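# Summary of structural features
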Amino acid sequence: MELQTLTFLFVGLSFALYIAIAIKSRADSTEEFYVAGGHVHPVFNGMATAADWMSAASFISMAGLIAFLGYDASVYLMGWTGGYVLLAMLLAPYLRKYGKFTVPEFIGERYYSKTARIVAVVCLIFISFTYIAGQMRGVGIVFSRFLEVDIISGLIIGMCVVFVYAVLGGMKGITYTQVAQYCVLIFAYTVPAIFISLQITGSPIPQIGFGGTLINDSTYMLDKLDLIVTDLGFTAYTGGSESTINLFFLTLALMAGTAGLPHVIVRFFTVPKVSDARRSAGYALLFIALLYTVAPAVGSMARLNLIETINGEDSTGVSYSEMPGWFKTWENSGLLAWYDHNEDGKVQYAKGSPIDGKVPEFDETRGEQGERILTNPSEGQIAEGAPFANELYVDRDIMVLANPEIAGLPNWVIALIAAGGIAAALSTAAGLLLVISSSISHDLMKSTFAPNITEKQELMYGRIAITVAIVIAGYLGANPPGWVAETVAMAFGLAASSLFPAILLGIFSIRVNRTGAVAGMLIGLIFTFCYIIYFKGVFFEPFAENIEENWLFGITPQAIGGLGMILNFVVALTVSHFTPAPPQKIQEMVADLRVPTGRF
Amino acid sequence: MSKELTHKAYWRENIKLILTCLVIWFLVSFGCGVFFVEELNQIRLGGFKLGFWFAQQGSIYSFLLLIFFYNYKMNQLDKKYQVND
C-alpha cells in the first residue's frame, strides 16, 4: 500500500480508539473530571503518566538532538528521567496524602494565603503554555510531512482532536486514552529501532546494539561514528563540546522541572493509596525508560545512516538526482535544503552552516537537477577540520520521523512512526490543557473570584478555559521560540525555578512561611522568564544576541532554570527566617502530611 | 511511645533513607555522567566508553533501581511504625 494511505489508516485507527475510550468514560462529577475519582491502578497510572510525560519533545525531537549533539544531549536523557527519583521520594507520596485536586490548592493551603495560590496559578500558566507551544509545533511537523498539508492546517486538525477528548472526557477519559496512547507510541518508537539495530549491528536490542560491532566488520559502531564525524570536522560523537557548568545547570533544571511539572504531579492524586503514589512513580519511570534507553541508540544510528547516505561510499558526496525519495519530500516541506556551494552537482555534509540565518528560504523556481533554490545560502566557507563546505541543512526535529525512511524500512513502519508521534504530542497537550482548565476554574473562579458557583458551572468554566487555551496554544505552535525540545526545556526551567522549591519546602520545612514562599516563587519565575525573554524574544525582538559572551556565567536560556531554582530556595529560606513562623494549625498539617495514615 | 514521637522517628528514618538515595542519584548522573565523564571514558564497556554509557544508559537504569529500592524500604518502614495505609 502507498505510504500516504497507510499513514491515514494508522493515524485514523488510533484516533478512533482514543475517542472511543474518551466517550465511553465521560466524566459526570467534578471529582471524576479532575482526578478520576482516585481509583486508577498504579500500573495504568504509570503508563498514563508516561504518555502524559513523553511529549513530542521526547518522541520526535530528542533522538534528533542526540544524533546531532552526541554526548552533549545526554543532559536531556538524564534530566528527564532523574526527575522521577525526586518525584518519588520528595513530592508524590506527600501530595497524595494531601489529596486535593490541584497544585495551587496545595500551595495556597500550606502557605495559608490566597496570594500564594494565585502566584502558583500564574507560574502554572506560564509553564503550561510554554510547554504546549512545543507540542503544537511537533503536531504541525508530523502533519506537514505525512498528510502533505501545510503546518497551519495540521495545527487546526490537531487542535480539534485535543478539544474533543479533553472537553468531553476529563481526567478519566484522559487517563485511559493515555494508556492507549502509551501503547501506540512505545510500539511505534521501538519497532523501527529494532529493525535499524538489526540492520546495522545485528542485535535485536537497540540498547545493546549501539555498543556492539558493525554487522560485517569488527569495529565498534560508536568508534566508527566518532571517526566519521571527526573526519567531517565535528567534535567526536561520544565526546562533548559544551561547558561542564552549562551541562550541570541544564540537567538540574530538567530534573527539578520534571518533579515540579503540574500535569505530572496531578497524576499522583489519582491513585488510591500513598504507597501507590510511590509505586506509580516507579512504574512511570519504567515505562519512560523503555523509550529513553532506546533513544540514544536511535540517535547514533540515525547519524551514521544519514552521513553514509548523503556522503556516499567514498565520502565525497552523492549527486542530487540519486538522492532517495525521503530527501525530496522533506525538501518540499522546507525542513531540509541543499545548496551546491562547490558546484559539483553532489550533496556534501560536513561541519558548518550551509545557510545564512536560522531557517532556509526558497524561491519558486527549481534548479537543474530539480532541487529547490535557496535564497539565503551562506558564503560556503570550509569549516576548520572539514574536508569540504557543508551543503546540507537538516531540521533536527525531523530525524526520528525520517530515520526509518533513511534506513529504507517498509512503509508500514514509517506510517507507524507518524501515529506514534501524534499520540505523543496529543496526549501531553491534552494533559496540560486539563491542568490549565482545572487551575482556572477551580483555583481562580471557585476559590477566589466566584465562590458561589455550582459544580456544573465550575465544569463549564473549565471547558471554556480549555477552549481559550487551545486557541492560544495553536498561535504559539505556529510561532514557536525554538526547536521542540528546546522550547520544552524552557518550560521545565520555569517549573524548576517557581513551583518545585515551593512544594518541596512546603513538605520538608515547617518553618517556611507565606512571605518566604511567595517571594521565592516570584523571584524564581521572574528571573528565569526574563532571562529567556531577554535572549529569545518570542513576541518581540530579543534584547541581546543569544551567544556565549552575553550569557550569565555561560549559562544558556534553557539551563537558567537551574540557577533560578537555587535563587528561589535562598530567597524563600532567608525571608522566612526573618518573618514569623507559620501558625500552629499549618505546622500540624505539615507534620500530618509526612505520615501515610491519619486525618486527611 | 506517643503517636507524635513515633511519627517523628518515622520521619527521621525516612529522611536518612532519602539522603542516601539522593547521594547515589547525584553520583550516577552528575558524578559519572557530567563531572568525571572524561576520566571514566578511559575505561571501556564493550563498544561504550564508560562515562558516555553512564550519561546515556547507566544513569537511567540506576534511577529505576533507586526508586524501586526506596519503595521497598519505605513499605518496610511503614509497617515497622504501623503507618501503612
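Residues numbered from 1 in each chain as written. Chains lettered and ligands numbered in written order. Predicted model: local features only at pLDDT ≥ 70, side-chain atom pairs only at ≥ 80, totals over all residues. Heavy atoms only, no water.

### Describing the state of the cysteines
Condition: By disulfide we mean two sulfur atoms from cysteines, separated by a distance within 2.5 Å.
For the structure on display, the rule yields zero disulfides over all chains. Cys530(A) takes part in no disulfide bond, and the closest cysteine sulfur, belonging to Cys123(A), lies 13 Å away.

### Overview of the domain arrangement of chain A
Residue and element names in this part refer to chain A. This is how it is decided: Those domain boundaries reflect an automatic or database domain assignment. Only heavy atoms matter for contacts: two residues are in contact if any of them lie within 4.5 Å across the pair. When two components associate, each loses some accessible surface as probed by a 1.4 Å sphere; the sum of these losses over both components is called the buried area. Note on definitions: salt bridges are taken to be side-chain nitrogens of Lys or Arg within 4 Å of carboxyl oxygens of Asp or Glu. In the analysis that follows, any N or O atom pair within 3.5 Å is treated as a polar contact, provided that within protein one partner can donate a hydrogen and the other can accept it, and provided that, for residues neighboring in sequence, both atoms belong to side chains. Think of it this way: any DSSP run of H or I at least four residues long counts as a helix, any run of E at least two long counts as a strand, and we number them from the N terminus. Under the grouping applied here, Gly and all other residues not named as nonpolar or charged are polar, the nonpolar ones being Ala, Val, Leu, Ile, Met, Phe, Trp, Tyr, Cys and Pro and the charged ones Asp, Glu, Lys and Arg.
Here chain A is described as being made up of domain 1 (3-301 + 410-593) and domain 2 (302-402). Across the contact, 37 residues belong to domain 1 and 27 residues belong to domain 2. For the pair domain 1 and domain 2, the two sides together bury roughly 2,800 Å², of which 66% comes from carbon and sulfur. Along the contact surface separating domain 1 from domain 2 lie one salt bridge. Salt-bridge contacts for lysine 224 lead to glutamate 308; the nearest nitrogen and oxygen are separated by 3.2 Å. Connecting domain 1 to domain 2 are 13 residue pairs in polar contact (both at pLDDT 80 or more). Listed by contribution, the elements that provide at least two residues to the side of domain 1 that touches domain 2 are α4 (56-69), α7 (114-146), α8 (151-201), α10 (221-231) and α14 (295-311). In terms of residues, the side of domain 1 that touches domain 2 owes the most to one element, α4, which gives nine residues. Here the side of domain 1 that touches domain 2 is built from residues that sort into 26 nonpolar, six polar and five charged.

### Looking at empty space enclosed by the protein
This is how it is decided: Every definition here rests on a 1 Å grid over the protein atoms only: cavities are sets of points where a 1.4 Å probe fits but cannot get out, pockets are open sets enclosed by protein on both sides within 12 Å along at least five of seven lines, and lining residues have some atom within 4 Å of a point. Grid points are joined across faces, edges and corners, and a volume is the space filled by probe spheres set on the points.
Under the defined criterion, the tally for this structure stands at five cavities of 30 Å³ or more. Its volume calculated, the largest cavity comes out at about 70 Å³. Every residue lining the largest cavity is listed: Tyr189(A), Pro192(A), Ala193(A), Ile196(A), Val298(A), Val400(A), Asn403(A), Pro404(A) and Ile417(A). Every element with two or more residues in the lining of the largest cavity is listed here: α8 and α16 (399-406) of chain A. At four residues, the largest contribution of residues to the lining of the largest cavity is made by α8(A). Residues that form the lining of the largest cavity fall into these classes: eight nonpolar, one polar and no charged. Taken as a whole, the second largest cavity holds about 50 Å³ of empty space. For the second largest cavity, the full set of lining residues is Pro93(A), Tyr94(A), Val274(A), Arg278(A), Leu593(A), Arg594(A), Val595(A), Pro596(A), Tyr10(B), Asn14(B) and Met74(B). Sorting the residues of the lining of the second largest cavity by element identifies α5 (74-98) and α13 (274-292) of chain A together with α1 (3-35) of chain B as the ones contributing at least two each.

### Some remarks on the nonpolar core
Note that soluble globular proteins tend to have their nonpolar side chains buried in a common cluster. All names here are of chain A. Note the threshold: Working definition of a nonpolar core: buried Ala, Val, Leu, Ile, Met, Phe, Trp, Tyr and Cys residues. They are joined through side-chain atoms within 4.5 Å. A simple rule labels every residue: compare its accessible area, found with a 1.4 Å probe on the protein chains alone, to the largest value its type can have, and call it buried under 20%, exposed over 50%, or partly exposed in between.
Formed by 228 residues in total, the largest nonpolar core has its most connected members in Trp53, Trp80, Leu91 and Ile107. Among the elements that make up this core, the one with the highest residue count is α5 (17 residues). Once you skip the residues sitting within four places of it in the chain, isoleucine 107 turns out to touch Ala116, Ala120, Leu499, Ala502, Ile503 and Met521. Grouped together as the second largest cluster of nonpolar side chains are five residues, Ala337, Ile355, Leu374 and Tyr393 included.

### Section: the interface of chain B and chain A
The interface is formed by 42 residues belonging to chain B together with 50 residues belonging to chain A. Contact between chain B and chain A buries roughly 4,100 Å² in total, counting both sides, with carbon and sulfur atoms accounting for 71%. Broken down residue by residue, the surface that chain B buries against chain A is led by Trp11(B), Gln56(B) and Asp85(B), which jointly contribute 16%. Counting across the interface, chain B meets chain A through three salt bridges. Across the salt bridge formed by Arg278(A) and Asp78(B), the nearest N and O atoms sit 2.8 Å from each other. For the pair chain B and chain A, the number of links is twelve residue pairs in polar contact (both at pLDDT 80 or more). A per-element tally of the side of chain B that touches chain A places helix α3 (residues 50-80) of chain B first, with 17 residues.

### Some details on the pattern of salt bridges
Residues and elements named next belong to chain A. Within this structure, the stated rule accounts for seven salt bridges over all chains. Across the salt bridge formed by lysine 97 and aspartate 592, the nearest N and O atoms sit 3.4 Å from each other. With lysine 97 in helix α5 and aspartate 592 in helix α22 (residues 584-593), this pair connects stretches of sequence that are 495 residues apart. Here the two residues lysine 97 and aspartate 592 agree in accessibility, since each one is buried. Across the salt bridge formed by aspartate 276 and arginine 279, the nearest N and O atoms sit 3.3 Å from each other. Here arginine 279 and aspartate 276 lie together in helix α13, a separation of three residues that amounts to about one turn. The class of aspartate 276 is buried, set by a relative accessible area of 6%.

### Observations regarding the environment of Glu405(A)
Residue and element names in this part refer to chain A. On the secondary structure map, glutamate 405 appears in helix α16. Taking the C-alpha atoms as reference points, glutamate 405 and tryptophan 326, separated by 79 residues in sequence, lie 6.3 Å from one another. Glutamate 405 has contacts with Leu3, Arg145, Trp326, Trp330 and Ile414, leaving out every residue within four places of it along the chain.

### Points about the packing of helix α6 (residues 103-110) of chain A against α22(A)
Residue and element names in this part refer to chain A. What counts, and what does not: Helix axes are fitted to C-alpha atoms over the stretch in contact, other axes to C-alpha atoms as well, and angles between N-to-C directions run from 0 to 180 degrees. Throughout this description, any angle smaller than 35 degrees is read as roughly parallel, any larger than 145 degrees as roughly antiparallel, any in the 65 to 115 degree range as roughly perpendicular, and the remainder as oblique.
Look at α6 against α22: their axes get within 10 Å of each other, and the N-to-C directions meet at 130°. On the basis of their axis angle, the class for α6 and α22 is oblique. Between α6, through Phe106, Glu109 and Arg110, and α22, the contact on the second element is made entirely by Ile586, Met589, Val590 and Leu593. Its residues assigned to classes, the contact of α6 with α22 comprises five nonpolar, no polar and two charged.

### A closer look at the side chain of Asp78(B)
Checked against the element boundaries, Asp78(B) lands in helix α3. Polar side-chain contacts of Asp78(B) include one of 2.8 Å to the side chain of Arg278(A).

### Some points on the confidence of the model for chain B
Using the following cut-off: What pLDDT expresses is the predictor's confidence in each residue, scored from 0 to 100.
With 99% of its residues at a pLDDT of 70 or more, chain B has an overall mean of 89. The element-level mean pLDDT for chain B is lowest in strand β1 (residues 44-45) of chain B, coming to 84, with α3(B) highest at 92.

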